[in-house]
Amino acid sequence: QKEVEQDPGPLSVPEGAIVSLNCTYSNSAFQYFMWYRQYSRKGPELLMYTYSSGNKEDGRFTAQVDKSSKYISLFIRDSQPSDSATYLCAMIPQGGSEKLVFGKGTKLTVNP
Amino acid sequence: DSGVTQTPKHLITATGQRVTLRCSPRSGDLSVYWYQQSLDQGLQFLIQYYNGEERAKGNILERFSAQQFPDLHSELNLSSLELGDSALYFCASSVGRTGGGETQYFGPGTRLLVL
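In this report, the structure presented in the accompanying data block is examined.

Conventions we followed
- Residues numbered from 1 in each chain as written.
- Chains lettered and ligands numbered in written order.
- Predicted model: local features only at pLDDT ≥ 70, side-chain atom pairs only at ≥ 80, totals over all residues.
- Heavy atoms only, no water.
- Phe/Tyr/Trp six-rings, centres within 6.5 Å; stacked < 30°, edge-to-face > 60°.
- Buried < 20%, exposed > 50% of the residue type's maximum accessible area, 1.4 Å probe, protein only.
- Helix = DSSP H or I, 4+ residues; strand = E, 2+ residues; numbered from the N terminus.
- Core = buried A, V, L, I, M, F, W, Y, C linked by side-chain atoms within 4.5 Å.
- Pairing = 2+ DSSP bridges.
- Axes fitted to C-alpha atoms, helices over the stretch in contact; angles between N-to-C directions.
- Disulfide = S-S within 2.5 Å.
- Contact = heavy atoms within 4.5 Å.
- Buried area = accessible area lost by both parts, 1.4 Å probe.
- Salt bridge = Lys/Arg side-chain N within 4 Å of Asp/Glu carboxyl O.
- Polar contact = N/O pair within 3.5 Å; in protein donor to acceptor, adjacent residues only side chain to side chain.
- Patch = residues over 30% accessible without salt bridge, like charges linked within 9 Å, V, L, I, M, F, W, Y side chains within 5 Å.
- Areas by Shrake-Rupley, 256 points an atom, 1.4 Å probe, with all protein chains shown as cover.

## Overview of the packing of aromatic side chains
Taken as a whole, this structure holds 12 aromatic pairs over all chains when the rule is applied. Judged by centre distance (5.4 Å) and plane angle (45°), the ring pair of A:Tyr25 and A:Phe33 falls under tilted. A:Tyr25 sits in the buried class, given a relative accessible area of 5%. Here A:Phe102 and B:Tyr35 contribute two aromatic rings whose centre-to-centre distance is 5.8 Å and whose plane-to-plane angle is 90°, an arrangement assigned as edge-to-face. Taken together, the residues A:Phe102 in strand β10 (residues 101–102) and B:Tyr35 in strand β4 (residues 31–38) connect one chain to another. With respect to burial, A:Phe102 and B:Tyr35 carry one shared label: buried.

Written out as structure tokens, the structure is:
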């Protein structure tokens, strides 16, 4: 079992839809949770960062962490064609290691 | 623009050859990380340097090595290249002072194709 599992999609939605992206993980030591967005042929860029459990909102984006279920989500409201990209969840355990452990990414297409 | 630069952008080489990838971190960042992205494995951590010293190792092959120089730029050396080494190689940097959970900023990557 991989440490972080993410449905690779692809996911195709109409413009304006609410998008839900999810990851599950097996290592209970993970404490820092991130979502990166990666456009085609570009480097990943940080979208959302959450420490431990809870919700975080930034504009049209909401990140949720449920540590009891080892499940994290990213919601995109009023999705736009410019949101078309691959979304990667990433995690770091508490203490010691600083390496990011990534999910394989979900490819999202928002159709105008 | 993350502030992390990588050169070259593209590299085409033959099996058995050796290449060097270069990364300059964001101004002020002391930690540099190298990641490999392939279609089947996704983004995998290779190695981390902090202020010139190796700090952590991931799934890095023995044919691969890295270093961080006094000016904090880093190089990833890949030798005896195989077809399976074809991938995107990313460098990331972080401040390196807070001891965990730091935001990592990624460069644009080097696309390596081994023929």
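Next comes the rest of the account.
## Topic: the nonpolar core
Of all hydrophobic cores here, the largest spans 25 residues; its most connected members are A:Val4, A:Trp35, A:Ile72, A:Leu74, A:Ile76, A:Tyr87 and A:Met91. Listed by contribution, the elements that provide at least two residues to this core are β3 (19–25), β4 (30–38), β5 (45–51), β7 (61–66), β8 (71–76), β9 (85–93) and β11 (106–111) of chain A. The next biggest cluster of nonpolar side chains, apart from the first, holds 21 residues, and it includes B:Trp34, B:Leu46, B:Tyr49 and B:Leu78.

## Looking at the sheet that holds strand β8 (residues 74–78) of chain B
Strand-to-strand pairing in sheets goes through backbone hydrogen bonds, with the strands running parallel or antiparallel. Residue and element names in this part refer to chain B. Ordered by their spatial adjacency, 4 strands build an open sheet running β1-β3-β8-β7, and the pairing between neighbours is antiparallel. Where the open sheet ends on each side, the last strands, each with one partner, are β1 (5–7) and β7 (64–68). On average, each strand axis in the sheet is tilted by 15° relative to the strand beside it, whichever way the strands run.

## A look at the state of the cysteines
Residue and element names in this part refer to chain A. The final tally for this structure, using the stated rule, is 2 disulfides over all chains. Covalent S-S linkage joins Cys23 and Cys89, the inter-sulfur distance amounting to 2.0 Å. Around the S-S axis, the bridge from Cys23 to Cys89 shows a dihedral of about -100° and counts as left-handed. Taken together, the residues span a long stretch of sequence, with Cys23 in strand β3 and Cys89 in strand β9 at a distance of 66 residues.

## A look at the sheet that holds strand β6 (residues 54–58) of chain A
Residue and element names in this part refer to chain A. Pairing is antiparallel in the open sheet, where 5 strands are placed in the order β1-β3-β8-β7-β6. The strands lining the two open edges of the sheet, one partner per strand, are β1 (4–6) and β6. Shown here is a sheet whose adjacent strand axes are inclined to one another by a mean of 15°, direction ignored. The pairing of β3 with β8 spans 6 bridges and is antiparallel. Counterpart to Ser20 in the pairing with β8 is Phe75.

## Quick notes on the interface of chain B and chain A
In this assembly, 23 residues from chain B lie in contact with 17 residues from chain A. Carbon and sulfur atoms supply 52% of the area buried between chain B and chain A, which totals about 1700 Å² over both sides. Together, B:Leu43, B:Gly101 and B:Phe106 form the three largest contributors to the area buried by chain B at its contact with chain A, with a combined 28%. Taken together, the links from chain B to chain A amount to 1 salt bridge. A salt bridge links B:Arg55 to A:Glu98; the nearest nitrogen and oxygen atoms lie 3.1 Å apart. Scanning the region where chain B abuts chain A turns up 8 residue pairs in polar contact (both at pLDDT 80 or more). Counting only elements with at least two residues in the side of chain B that touches chain A, the list comes to β4 and β5 (42–50) of chain B. Among the elements that line the side of chain B that touches chain A, the one with the most residues is β5(B), at 5 residues.

## Some words on a nonpolar patch on the surface
A surface patch of nonpolar side chains, amounting to about 320 Å² of accessible area, comprises B:Ile12, B:Leu113 and B:Leu115. Assignment of secondary structure puts B:Leu113 in strand β11 (residues 110–114).

## Here we look at unusual backbone geometry
In the segment running from A:Gly9 into A:Pro10, the intervening peptide bond is cis, with an omega of 5°. Relative to the assigned elements, A:Pro10 resides in the loop between β1 and β2 (11–14). For the bond running from B:Thr7 to B:Pro8, omega is -10°, close enough to zero to count as cis. The phi dihedral of A:Arg41 falls on the positive side, at around 65°, and the residue is not glycine. Secondary-structure assignment places A:Arg41 in the loop between β4 and β5. Assessed through its relative accessible area of 57%, A:Arg41 is described here as exposed. The phi torsion at A:Ser52 lies on the positive side, around 60°, for a residue other than glycine. Here A:Ser52 shows up in the loop between β5 and β6.

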